[in-house]
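Observations on chain architecture
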Amino acid sequence: MTSNRRTFAIISHPDAGKTTLTEKLLLQGGAIHLAGEVKARGQARRARSDWMKIEQQRGISVTSSVMTFEKDYDGETITFNLLDTPGHEDFSEDTYRTLTAVDSAIMVIDAAKGIEPQTRKLFEVCRLRSVPIITFVNKVDREGRPVFELLDEIADMLALDVSPQMYPVGMGGEFKGILDFASGEVVVPEGPSKEYRGKRVAGFDLPDEVEENAELAQIGYPEFDLEAYRNGDLTPVYFGSALKNFGVTELIDAIAKYAPPPRPQPAGEEQISPDRDEVTGFIFKVQANMDPNHRDRIAFMRQVSGTFKRGMKLTPSGLGKPIAVHSPILFFAQDREIADTAEAGDIIGIPNHGTLRVGDTLSEKNDVRFTGLPNFAPEILRRIVLKDPTKTKQLRKALDDLSEEGVIQVFYPEIGAQWIIGVVGQLQLDVLVSRLEAEYKVGANLEASPFATARWIKGDAAAVKKFEDFNRANLAKDRDGDIVFMAKSPWDVNYQAEQHPELTFSATKER
Ligand code: G4P
């Protein structure tokens, strides 16, 4: 069975145009339900807690959300599930984890800037799981860098084959349209700016230079190869302008045509196929305390297999006993708030009171454990110091909760009582302090820590024990009790790794 679901994310550097492109994609699909506006049954939008105010003040989105839209192709309806990843340069594990829930990604690049640091980071996360990527070179309505320079940069910096599918006829003021290699037609903008509809023109009189370059682009780069794309080895490249709604149709059509339907997901040695009859899925994100007065949470489940029906009983791996999912939030539910059914590839929001944790598997028969939801080594480490030392218990509870959600990581050193907070982006620290105060009534300060990064240690039990005995001052336990080497510098990591070839010092940890 081939599924009509396309579950994907957009990866990009801030300002490349992700938000603008998202809007235009949603417009293509018509009716939409935005997960950022998750509503409880029959209630108006709930009070937002402080950390959501941070989002508003700073004009950025801390949390990921889900947007679903549909488009018809010759009588077949394709359902697109777009998972939003914050494009802000401070991003959290949330972002990384969201990428574990998609089957493909669009990489948006600013034509004037090329590959930027955040694009690259997110790309590397996609590569970990061989997520196929379609590239969209945005802002061709502005003066950009030469096309070949951009193509070569993508190929070189990301070590990826690039296969241009189009060639812009001019950029900036000279922009006339985009030559589509497959049809030989030029798509020219028609209608008022910002609402362009691409009109296809056959036999367009191309300037000589464009004609030559377009030919070079077709013979000088690999041809599109579906298998290479789906393996994550090759990216087809499209050009357009999100702002002017140009090239967006071609992009979404490419997703419909080439992007993979729901992929099997690893569960230990097994691969769970989307065709499996029983419902299975995993939680990739938990959004807690949407209402500060109630400790409610929404857990986001990526459905891996089966047909979900409202009221169905699913067993979370962390709990061992089934829960009935009576009021799932399905982002596809356009005019209904409560979903009745969902398929493999869909995302379901499950309201709960803290029973569901990131990384949990849900299944009908409690016979599957998905693997491969990683923790990432923090890039910023801070000591957390209580303003009121009598609140240790509350702090521990809060830190455990928030690390469960993936807001932070927490490390409990083997020696001493100073707990260390680890994050991958500065913003997470602001969110932490604000949420500790607002939701847990715990005042805390963050101070410099002697450590620069952390690595999970794995190896033969005896070897780990020996290392532990000699390095206790630099070891900590994470929330799950696993041993972590706290390094003073990247050099320190390399040194220890060289000294201890019998151990692995891992920058990610699979749950
Ligand atoms: P992001 O989510 O990736 O951070 O980017 P966003 O869509 O917010 O776009 C960043 C800026 O780039 C915005 O301009 C947006 O209008 C502009 N932009 C996006 N796509 C295109 C495009 O195809 N062509 C051109 N010329 N500009 C584009 P801004 O000045 O920051 O905001 P605004 O005042 O225009 O809203």
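Note that the structure is a prediction, hence the values are computed from the model and not measured.

The sheet built from 4 strands is open, its strands ordered β8-β9-β10-β11 with antiparallel pairing. One side of each edge strand has no neighbouring strand; the edge strands of this open sheet are β8 (166-169) and β11 (197-201). Strand-to-strand twist in this sheet, taken as the mean axis angle between neighbours without regard to direction, amounts to 30°. In this structure, β8 lies alongside strand β9 (residues 177-180), joined through 4 bridges in antiparallel fashion.

Time to look at the nonpolar core. By size, the foremost hydrophobic cluster in this structure holds 89 residues, and its most contacted members are F8, L21, L25, I106 and M107. The residue makeup of this core includes at least three contributed by each of domain 1 (5-13 + 86-259) and domain 2 (266-363). Not counting residues up to four positions away in its chain, the partners in contact with L25 are F8, I10, F69, L82, I106, V248 and I252.

Below, the discussion takes up unusual backbone geometry. For D74, which is not glycine, the phi dihedral falls at a positive 45°. Tracing the backbone shows D74 in the loop between β3 (66-73) and β4 (76-83). On the basis of relative accessible area, D74 is assigned to the exposed category, the value being 86%. For K441, which is not glycine, the phi dihedral falls at a positive 55°. We classify K441 as exposed; its relative accessible area is 56%.

In space, the 8 strands of this open sheet follow the order β28-β25-β27-β26-β30-β31-β29-β32, with antiparallel pairing throughout. Two strands close off the open sheet at either side, each with one partner strand: β28 (444-448) and β32 (503-506). Along the sheet, successive strands turn relative to each other by an average axial angle of 40°, direction set aside. Where strand β26 (residues 409-413) meets strand β30 (residues 475-477), 2 bridges bridge the pair, whose relative direction is antiparallel. Directly across from P413, in β30, lies its bridge partner A476. Sitting on the sheet, helix α9 (residues 392-405) touches β25 (380-386), β26 and β27 (420-423), and the angle it makes with β26 is about 135°. Against the sheet, helix α12 (residues 490-499) engages β29 (453-459), β31 (483-487) and β32, with an angle of about 125° to β31.

Structurally, D478 is set in the loop between β30 and β31. A relative accessible area of 7% places D478 in the buried class. Side chain to side chain, D478 and W456 meet in a polar contact 3.0 Å long.

Below, the discussion takes up the domain arrangement of the protein chain. If you check the domain split of the protein chain, you get domain 1 (5-13 + 86-259), domain 2 (266-363) and domain 3 (374-510). Summarising the inter-unit geometry, the C-alpha centres of domain 1 and domain 2 are found 33 Å apart. Facing 9 residues of domain 1, the contacting portion of domain 2 comprises 10 residues. Between domain 1 and domain 2 lies a buried interface of about 790 Å² when both sides are counted; carbon and sulfur atoms form 48% of it. Three residues, R5, R97 and A101, lead the burial of domain 1 against domain 2; their summed loss comes to 56% of the area buried on that side. Applying the counting rule to domain 1 against domain 2 returns 2 salt bridges. Between R302 and D103 there is a salt bridge; the shortest N-O distance is 3.0 Å. On the surface where domain 1 and domain 2 come into contact, there are 4 residue pairs in polar contact (both at pLDDT 80 or more). Take the side of domain 1 that touches domain 2: its biggest share by element is 3 residues, from helix α3 (residues 93-99).

Criteria and thresholds
Residues numbered from 1 in each chain as written. Predicted model: local features only at pLDDT ≥ 70, side-chain atom pairs only at ≥ 80, totals over all residues. Heavy atoms only, no water. Pairing = 2+ DSSP bridges. Helix = DSSP H or I, 4+ residues; strand = E, 2+ residues; numbered from the N terminus. Axes fitted to C-alpha atoms, helices over the stretch in contact; angles between N-to-C directions. Core = buried A, V, L, I, M, F, W, Y, C linked by side-chain atoms within 4.5 Å. Buried < 20%, exposed > 50% of the residue type's maximum accessible area, 1.4 Å probe, protein only. Domains from an automatic or database assignment. Contact = heavy atoms within 4.5 Å. Polar contact = N/O pair within 3.5 Å; in protein donor to acceptor, adjacent residues only side chain to side chain. Buried area = accessible area lost by both parts, 1.4 Å probe. Salt bridge = Lys/Arg side-chain N within 4 Å of Asp/Glu carboxyl O.

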